[in-house]
Amino acid sequence: MRSLLLLSSFFVACGAVAGWLVAGLLPPQPRGDELQTWTEDYRLERATGDAFVVSDGRWLRVLRLIPDFDLHLDVELGPDMDLDLLVRHVEPRLVQGRVEPFTERFVALRLTTGRDGPAWRTREQALFGERGVGSSLAPGIPATVWMQGRGRLLRANVAGRWTPWCEAEDTEGMFALVAHGGTAALRRLVIENRGVANAWLARRSTWLLVGAGLGLLIAAFAGVRPVPWAAAACLGAFLVAYVVWRLVGAELQPLRMPPPAALLALLAAPTAIVVGILAAAWLRVRWLQLALLAIAVVVWAAADSSSRDLLRSDTGAVDAVFGPDAGNSLSEALAQIVRGPFGLHSPAEEQHGVFLLGGRLLYGRLGPTTEHLEPLLRGELRGKLGRSVAVVSLPTEEGRAHVRQQWAMFAGFYTGYHPRVIVLGVPVTEGDRGAAASVVQDTLVAVREYARSHDAALVLFTDAGLAADLLAVLRSAERDGVPLVVADDGEPAAAVAKKLAAAILPLLP
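Reading the values: rules and limits
Residues numbered from 1 in each chain as written. Predicted model: local features only at pLDDT ≥ 70, side-chain atom pairs only at ≥ 80, totals over all residues. Heavy atoms only, no water. Helix = DSSP H or I, 4+ residues; strand = E, 2+ residues; numbered from the N terminus. Buried < 20%, exposed > 50% of the residue type's maximum accessible area, 1.4 Å probe, protein only. Contact = heavy atoms within 4.5 Å. Areas by Shrake-Rupley, 256 points an atom, 1.4 Å probe, with all protein chains shown as cover. Lys, Arg positive; Asp, Glu negative; His and termini not counted. Charge placed at Lys NZ, Arg CZ, Asp CG, Glu CD. Expected span 1.5 Å × (residues − 1). Arc of directions from axis to C-beta. Pairing = 2+ DSSP bridges. Core = buried A, V, L, I, M, F, W, Y, C linked by side-chain atoms within 4.5 Å. Axes fitted to C-alpha atoms, helices over the stretch in contact; angles between N-to-C directions. Salt bridge = Lys/Arg side-chain N within 4 Å of Asp/Glu carboxyl O. 1 Å grid on protein atoms, 1.4 Å probe; cavity = no way out; pocket = protein on both sides within 12 Å on 5 of 7 lines; lining within 4 Å. Points joined across faces, edges and corners; volume = space filled by probe spheres on them. Nonpolar A, V, L, I, M, F, W, Y, C, P; charged D, E, K, R; others polar. Phe/Tyr/Trp six-rings, centres within 6.5 Å; stacked < 30°, edge-to-face > 60°. Lys NZ or Arg CZ within 6 Å of the ring centre and 35° of its normal. Parallel < 35°, antiparallel > 145°, perpendicular 65-115°, else oblique. Left-handed = near helix turned anticlockwise from the far one by under 90°.

## Observations concerning the overall build of the chain
Point 1. The number of helices and strands found in the chain is 14 helices and 24 strands.
Point 2. Its C-alpha atoms put the chain at 95 × 60 × 45 Å along the principal axes.
Point 3. Among the 509 residues that make up the chain, the fraction classed as buried is 50%.
Point 4. At a minimum sequence separation of 6, the contacts of the chain that also span at least 24 residues come to 77%.
Point 5. As displayed, the chain offers around 22500 Å² of accessible surface, 58% of which is attributable to carbon and sulfur atoms.
Point 6. Taken together, the 49 basic and 51 acidic charged side chains of the chain have centroids lying 5 Å from each other.

See the structure below:
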């Protein structure tokens, strides 16, 4: 009896350890001075004639982490426009004193004065999908939108029509309203906070108990027929080792609450194997043993696959355009906002100027903000022309910016700036990419074609040290009439800004 009790305690302990390890996937709790889950309601109400305007480059953000909610929106759309309501919006933020990089997550409810179609958009559909299709509203007529958020599930009633339920990746998040192609007048936005549902699922103790319960199940099977301690030790070690192995390879994005089904499947997969082995040991008929083991393997495979699928976030499509761990650059691109070194740019304020493509490594000069080429070039042009000229640069981080990526961002989201001069920068890290010369050549052809068709001029820019084959592509374009500026090794940022300004000035009206 004592041996059976010890054996049972051993399996329960192994299960509890596995459950405690699995609970390590739960996101860390913020400190008291960091952004907390919001517990109050949010209200934005405007009197008639004083509506909040959302337009291209001017968005509305609700910077509160709200769990379950009921939302009420009164809005009027202008003609030929879309309005995206971003929901369950999660972006990198300070937690436990550090910011872990990842690509922001959200889903969008699309309101449009275009064609009627699916209202809900995934992150990728909102960014890259067809415009002018969504939950259709008549322009110039106020409409009411209701929305319910219950965990990962969301649904909306738009002008009296309910949408199907939509599933987000997160159970809480912020909100944003983003306009495309027109102006929306917002009269009321009320978010009633319904609190956190099933908060017990986010506690480490819960999953420790779940693991202990599965360990008790294993102990029940082990108690039917005596199990040698050596075999029991191997099975218990397998249970814990399997969980550790899967956690090492887990693809869960930071700050994402893992689905409870994924955590349960992660524990159930090795449990199925251990139970199958113990149950097969009771039987004397070989084919029954094999059949039982086969069933255990099928259950294990299904649980293992389910846990990996539920934890994984596919970022391939957005990585190709924005680079990995792109932070909040996706929602800013959707809103046509550029985060400059000294503030935000919008197309309403920065028209017909200079647009710098190349990323932070090229234009930030790896120095303080005051040495960024964006403000230095703006100052140079103002000094020479006696008037202000818009200068905007994409802030793509070092290692993520390359010519194809930069052009994809501009062509997909920032053409509303209508620049008179596009500066296509080629960072020295471009040579680290395979088939780089052909990529630069193809991108250069696309940029020149766009410039010709949109009354814009093109300037090429790079640093000394660019790979010879890439520099040859730029020199070839220079011989064809495209100005090329090459910054010397160690050249001060102010001097580089003067060289760029000298190439740009003749191209401005």
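## Notes on helix H10 (residues 373–385)
Point 1. Between its terminal C-alpha atoms H10 stretches 18 Å, which fits the 18 Å expected from 13 residues at 1.5 Å a residue.
Point 2. Looking only at H10, the buried set comprises Leu373, Glu374, Leu377, Arg378, Glu380 and Leu381. Looking straight down H10, one finds its buried side chains confined to an arc of 165°; they lie on one side.
Point 3. Positive backbone phi, at 75°, marks Gly386, one or two positions downstream of H10.

## Quick look at the pairing of strand S1 (residues 42–45)
Point 1. The side-chain alternation of S1 yields one buried face, formed by Tyr42 and Leu44, and one unburied face, formed by Arg43 and Glu45.
Point 2. Sheet analysis places S1 next to strand S17 (residues 183–195), joined by four bridges and oriented antiparallel. When the bridges of S17 are listed, Glu45 appears paired with Arg188.

## Considering the nonpolar core
Within soluble globular proteins, side chains that are nonpolar tend to cluster in buried spots.
Point 1. Counting residues in each nonpolar core, the largest one holds 47 residues, and the members touching the most others are Phe322, Phe355, Tyr414 and Leu460.
Point 2. The element contributing the most residues to this core is helix H12 (residues 436–453), with six residues.
Point 3. Those residues in contact with Phe355 that sit more than four places away from it in its chain are Val338, Val392, Leu394, Phe410, Tyr414, Tyr417, Pro419, Val421, Ile422 and Val423.
Point 4. The next biggest cluster of nonpolar side chains, apart from the first, holds 37 residues, and it includes Val62, Leu71, Leu77 and Ile191.

## Describing the sheet that holds strand S22 (residues 421–426)
Point 1. Across the sheet, which stays open at both edges, the five strands sit in the order S21-S20-S22-S23-S24 with parallel pairing between neighbours. Lying at the two open borders of the sheet, with one neighbouring strand each, are strand S21 (391–393) and strand S24 (484–487). Along the sheet, successive strands turn relative to each other by an average axial angle of 20°, direction set aside.
Point 2. In this sheet, S21 lies alongside strand S20 (residues 354–357) in parallel orientation, the contact comprising three bridges. Counted as the bridge partner of Phe355 is Val392 from S21.
Point 3. Its contacts with the sheet place helix H14 (residues 493–504) against S20, S22, strand S23 (457–463) and S24, and it is angled at close to 175° to S24.

## A closer look at the pattern of salt bridges
Point 1. Enumeration over the complete set of coordinates arrives at 33 salt bridges.
Point 2. The shortest N-O distance in the salt bridge between Asp463 and Arg365 comes to 2.9 Å. With Asp463 in strand S23 and Arg365 in the loop between helix H9 (360–364) and H10, the pair connects residues that are 98 residues apart, well separated along the chain. Across this residue pair, the class does not change: Asp463 and Arg365 are buried.
Point 3. Connected through shared salt-bridge partners, Asp70, Arg150, Glu192 and Arg194 make up one network.

## Points about the layout of surface pockets
Point 1. Of the volumes computed, that of the largest pocket is approximately 670 Å³.
Point 2. Taken together, 28 residues make up the lining of the largest pocket; nearest its centre are Thr171, Glu172, Val196, Ala202 and Met257.
Point 3. Residues that form the lining of the largest pocket fall into these classes: 17 nonpolar, six polar and five charged.
Point 4. Approximately 400 Å³ is the volume found for the second largest pocket.
Point 5. Lining the second largest pocket are 26 residues, and of these Ala326, Ser329, Arg360, Pro395 and Glu397 sit closest to its centre.
Point 6. Among the elements that take part in the lining of the second largest pocket, strand S18 (residues 338–340) stands out by supplying three residues, more than any other.
Point 7. Residues that form the lining of the second largest pocket fall into these classes: twelve nonpolar, eight polar and six charged.

## Points about the packing of aromatic side chains
Point 1. Following the criterion strictly, the structure yields 14 aromatic pairs and no others.
Point 2. Relative to Tyr417, the ring of Phe355 has its centre 5.5 Å away and its plane inclined at 75°; by these criteria the two rings are edge-to-face. Of this pair, Phe355 sits in strand S20 while Tyr417 sits in the loop between helix H11 (403–413) and S22; the two residues are 62 residues apart in sequence, bridging distant segments of the chain. The exposure classification of Phe355 matches that of Tyr417, with both residues buried.
Point 3. Members of the aromatic cluster, connected to one another through ring pairs, are Phe355, Trp407, Phe410, Tyr414, Tyr417 and Tyr450.
Point 4. Residue placement shows Arg64 over the ring face of Trp38; its charged tip is 4.6 Å from the ring centre.
Point 5. Its guanidinium or amino end placed over the ring of Trp162, Arg155 lies 4.0 Å from that ring's centre, counting from NZ or CZ.

## Side note on the packing of helix H4 (residues 229–248) against helix H5 (residues 260–282)
Point 1. Two numbers describe how H4 lies on H5: the axes approach to 9 Å, and their chain directions differ by 155°. As judged from the angle between their axes, H4 and H5 are roughly antiparallel. Between H4 and H5 lies a crossing of right-handed hand. Only Leu266, Leu267, Ala269, Pro270, Thr271, Ile273, Val274, Ile277 and Leu278 of H5 make contact with H4, whose side of the interface consists of Leu235, Phe238, Leu239, Tyr242, Val243, Arg246 and Leu247.

## Observations concerning unusual backbone geometry
It is generally the case that most residues other than glycine have a negative phi and that most peptide bonds are trans.
Point 1. One non-glycine residue, Asn198, lies in the positive phi region at around 55°.
Point 2. Note that Asn198 resides in the loop between S17 and helix H3 (204–222).
Point 3. Its identity as a non-glycine residue notwithstanding, His352 has a phi of 55°, on the positive side.
Point 4. Along the chain, the position of His352 falls in the loop between strand S19 (343–345) and S20.

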